[in-house]
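# Observations on chain architecture
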Amino acid sequence: MSDGQERADGGGEGAGTAPQGGPGVPEGGVYDWFRRGARLLEQGHPAAAEQLLARAAEAEPHSRSIRETLARAQFDAGLFAAALGNFRAVALADPADDYAQFGWGVAAARLGDFETSAEHLALAVAMRPEADHYRAALRQTRATLAARAGAYGPLLPGAPGYSEPPEGGGGAG
């Protein structure tokens, strides 16, 4: 039941664009890898998609569509640093790509870099203000930055993250 082998003879799409049949090399060409990887991602298999899309990106490093889809697969697979690198490459190649800016921002947030996150999410929101998920991500990042800066006041005793002041501070009794 090798579905991939049955399709291999069906039309030459991507034929000649990659070595065939070598160890570790998937069947087909770069476009085939991209399409299969995108399909795997849509079906909820980001780690498998990442494998094919990484191979496609290696063969076509300047393809923004391959790199953006690879970044989505990496993000969904929990590979946030790799996703950030690919979203960043796409955004640097086309600064007006709102989705790449958004991806860069959310990947940075997952890595704990909320300053970078806020910058790129704000760019994405400026480009597509109607995108609710862009605005929600920016609100969350800004709230995290505000909380870290103490904008919401001191933590109350018993709150998560609260630590008791040191003993023996010389207070009146």
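See the structure shown above.
Residues numbered from 1 in each chain as written. Predicted model: local features only at pLDDT ≥ 70, side-chain atom pairs only at ≥ 80, totals over all residues. Heavy atoms only, no water.

### A short note on the overall build of the chain
As a reminder of what qualifies: In this text, helices come from DSSP runs of H or I with a minimum length of four residues, and strands from runs of E with a minimum of two, each type numbered from the N-terminal end. Between buried and exposed lies partly exposed: a residue is buried under 20% and exposed over 50% of the maximum accessible area for its type, with that area taken using a 1.4 Å probe on protein chains only. Whether two residues are in contact is decided by their heavy atoms: any pair within 4.5 Å suffices. Working definition of accessibility: Shrake-Rupley area with a 1.4 Å probe, residue cover restricted to the visible protein chains.
When its secondary structure is counted, the chain shows eight helices and zero strands. Put simply, the chain runs from its N terminus to its C terminus through helices and strands in the order α-α-α-α-α-α-α-α. For the chain, with 173 residues in total, the buried portion stands at 35%. Relative to all contacts within the chain whose residues are 6 or more apart in sequence, the contacts with residues 24 or more apart total 36%. Accessible surface for the chain amounts to roughly 10500 Å². Of this, 54% is attributable to carbon and sulfur atoms.

### Things to note about the pattern of salt bridges
Quick reminder of the rule: Here, a salt bridge means any Lys or Arg side-chain nitrogen found within 4 Å of an Asp or Glu carboxyl oxygen.
Taken as a whole and assessed by the stated rule, the structure comprises four salt bridges. The shortest N-O distance in the salt bridge between Arg-128 and Asp-98 comes to 3.6 Å. With Arg-128 in the loop between helix H7 (114-127) and helix H8 (132-148) and Asp-98 in helix H6 (residues 98-110), this pair connects stretches of sequence that are 30 residues apart. On the basis of relative accessibility, which here comes to 29%, the residue Arg-128 falls in the partly exposed class. Across the pair Arg-128 and Glu-130 runs a salt bridge, and its minimum N-O distance is 3.2 Å. Among the residues examined, Glu-130 registers a relative accessible area of 53% and is labelled exposed.

### Here's the deal with the environment of Leu-40
Structurally, the position occupied by Leu-40 is in helix H2 (residues 30-42). It is 8.9 Å that separates the C-alpha atoms of Leu-40 and Glu-50, two residues lying ten residues apart in sequence.

### Observations regarding the side chain of Asp-97
Keep this limit in mind: Under the rule applied, a polar contact is a pair of N or O atoms within 3.5 Å (in protein, one hydrogen donor and one hydrogen acceptor; residues adjacent in sequence only if both atoms are side-chain atoms).
Within the secondary structure layout, Asp-97 lies in the loop between helix H5 (80-93) and H6. Among the polar contacts made by the side chain of Asp-97, one reaches the main-chain amide nitrogen of Tyr-99 at a distance of 3.1 Å. Once residues within four sequence positions are removed from consideration, Asp-97 is found in contact with Glu-68, Val-90 and Met-127.

### Some details on H6
As a reminder of what qualifies: Any helix carries an expected span of 1.5 Å times its number of residues minus one.
In a regular helix each residue adds 1.5 Å, so 13 residues correspond to 18 Å; H6 covers 18 Å between its end C-alpha atoms and thus fits that length. Of all 13 residues in H6, eleven are buried, a share of seventy percent or more. Taken as a whole, H6 has its buried residues at Asp-98, Ala-100, Gln-101, Phe-102, Gly-103, Trp-104, Gly-105, Val-106, Ala-107, Ala-108 and Ala-109. The elements touched by buried residues of H6 are helix H4 (64-76), H5, H7 and H8. One side-chain oxygen of the residue at the start of H6 lies 3.1 Å from the amide nitrogen of Tyr-99, identifying that residue as Asp-97. One or two steps after H6, the chain reaches Gly-112, where phi turns positive at roughly 85 degrees.

### As for the nonpolar core
Note the cut-off: Buried residues of nine kinds, namely Ala, Val, Leu, Ile, Met, Phe, Trp, Tyr and Cys, make up a nonpolar core once their side-chain atoms join them within 4.5 Å.
By size, the foremost hydrophobic cluster in this structure holds 21 residues, and its most contacted members are Phe-75, Phe-102, Val-106, Leu-121 and Tyr-134. Formed by twelve residues, the second largest nonpolar core is a distinct cluster that contains Phe-34, Leu-41, Leu-53 and Ala-56.

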